[in-house]
Amino acid sequence: DMTYGAEGFARDGVENGATIKFDIELLKLAPVLPDAEASAFRIVDTAPNTGSMIFCGMPVRAHVTVWDVGGKKLFSSKDAKSPVEFTTGKSEVFLGLELGVIGMPPRAQRMLVVPPAFQKTMNGNAAAVDFKLPMSQTVLVDVEALLPEPEKKL
């Protein structure tokens, strides 16, 4: 359902719903970071994983570390020993984090380059988690998606 033929993307010589194997040669794994004044939001997968992905409207548990461009740690859920929890699409965290986790499978890791324009919530309301971001400069955000917490039995 995610191959050629899905959603009307037909491909000559490929049967609708066929299993496709791609051989990919990784030539370089060294993403170039934009300079501190860059204004583009970036997502860099640092530890990809496979599995079901996070989509809009789904609950998220993740470890989040925020750095300024000089390397100073501004926030770390790992240091606090408490993952960040929010639901995508509900404007509970800053936009860069919300957009950055969409498409991540559990146990994957990403680095986000988040310029000031992406450091507010989608709806402009107060964030559920106060990250104390320096609104005038780009920040780097390390995200590690975690498995959902198991339901507690009563």
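Residues numbered from 1 in each chain as written. Predicted model: local features only at pLDDT ≥ 70, side-chain atom pairs only at ≥ 80, totals over all residues. Heavy atoms only, no water.

Asker: Outline the overall build of the protein, listing residues and values.
Answerer: When its secondary structure is counted, the protein shows 1 helix and 6 strands. Listing every helix and strand of the protein by position from the N terminus yields β-β-β-β-α-β-β. Taken across its 154 residues, the protein has 34% of its residues classed as buried. Long-range pairs, those at least 24 residues apart, make up 67% of the contacts in the protein between residues at least 6 apart in sequence. For the protein, the exposed area adds up to about 10400 Å²; of that, 54% sits on carbon and sulfur atoms. (Helix = DSSP H or I, 4+ residues; strand = E, 2+ residues; numbered from the N terminus. Buried < 20%, exposed > 50% of the residue type's maximum accessible area, 1.4 Å probe, protein only. Contact = heavy atoms within 4.5 Å. Areas by Shrake-Rupley, 256 points an atom, 1.4 Å probe, with all protein chains shown as cover.)

Asker: I'd love a proper account of the packing of aromatic side chains, names of residues and values included.
Answerer: Enumeration over the complete set of coordinates arrives at 3 aromatic pairs. Between Phe 41 and Phe 118, the ring centres sit 4.9 Å apart and the planes meet at 15°, which makes this aromatic pair stacked. Of this pair, Phe 41 sits in the segment before β1 (42–47) while Phe 118 sits in the loop between β5 (109–114) and β6 (139–145), and the two are 77 residues apart along the sequence. Between Phe 75 and Phe 131, the aromatic rings sit 4.8 Å apart at their centres with planes inclined by 70°, giving edge-to-face as the arrangement. Of the two residues, Phe 75 is situated in strand β3 (residues 73–76) and Phe 131 in the loop between β5 and β6; the sequence distance between them amounts to 56 residues. Each member of the pair, Phe 75 as well as Phe 131, carries the same accessibility label: buried. (Phe/Tyr/Trp six-rings, centres within 6.5 Å; stacked < 30°, edge-to-face > 60°.)

Asker: Give a detailed account of the side chain of Thr 65, specifying residues and quantitative values.
Answerer: Position of Thr 65 among the secondary structure elements: in strand β2 (residues 59–68). In contact with Thr 65, other than residues within four places in its own chain, are Lys 73, Phe 75, Ser 76, Leu 140, Val 141 and Asp 142.

Asker: Can you lay out the environment of Thr 121 for me, pointing to particular residues and giving the numbers?
Answerer: Locating Thr 121 in the fold gives a position in the loop between β5 and β6. Thr 121 gets classed as buried once you look at its relative accessible area, which sits at 7%. Measuring from C-alpha to C-alpha, the distance between Thr 121 and Lys 90 comes to 9.1 Å, with 31 residues separating the pair along the chain. When residues no more than four places from it in sequence are discounted, the contact partners of Thr 121 are Ser 91, Val 93, Phe 94, Leu 95, Ala 126 and Ala 127. Side chain to side chain, Thr 121 and Ser 91 meet in a polar contact 3.5 Å long. (Polar contact = N/O pair within 3.5 Å; in protein donor to acceptor, adjacent residues only side chain to side chain.)

Asker: How would you explain the confidence of the model for the protein if you had to name every residue and give the values?
Answerer: Averaged over all residues, the pLDDT of the protein equals 81, while 81% of them reach at least 70. The element-level mean pLDDT for the protein is lowest in β1, coming to 84, with β6 highest at 94. (pLDDT = per-residue confidence, 0-100.)

Asker: An account of the environment of Leu 140 is needed here, citing residue identities and associated values.
Answerer: Here Leu 140 lies in strand β6. On the accessibility criterion, Leu 140 (18% relative accessible area) is buried. When neighbours within four sequence positions are excluded, Leu 140 is seen to be in contact with Thr 65, Val 66, Trp 67, Leu 112 and Val 113.

Asker: Can you lay out the pattern of salt bridges for me, pointing to particular residues and giving the numbers?
Answerer: Close approach of charged atoms allows side chains with opposite charge to pair. Under the criterion given, the structure shown has 4 salt bridges. The closest approach of N and O atoms between Glu 144 and Lys 78, which form a salt bridge, is 3.0 Å. Separated by 66 residues along the polypeptide, Glu 144 in strand β6 and Lys 78 in the loop between β3 and β4 (84–87) bring together distant segments of the chain. (Salt bridge = Lys/Arg side-chain N within 4 Å of Asp/Glu carboxyl O.)

Asker: If you had to explain the pairing of β2 to someone new, which residues and values would you point to?
Answerer: Burial within β2 is extensive, with 8 of its 10 residues counted as buried. The pairing of β2 with β4 spans 4 bridges and is antiparallel. Looking across to β4, one finds that Val 60 is bridged to Phe 86. As judged from the 7 bridges shared by β2 and β6, these two strands associate in the antiparallel manner. Opposite Ala 62, over in β6, you have Ala 145 as the bridge partner. With 3 bridges connecting them, β2 and β3 associate as antiparallel partners. Following the sheet pairing, Thr 65 is matched in β3 by Ser 76. (Pairing = 2+ DSSP bridges.)

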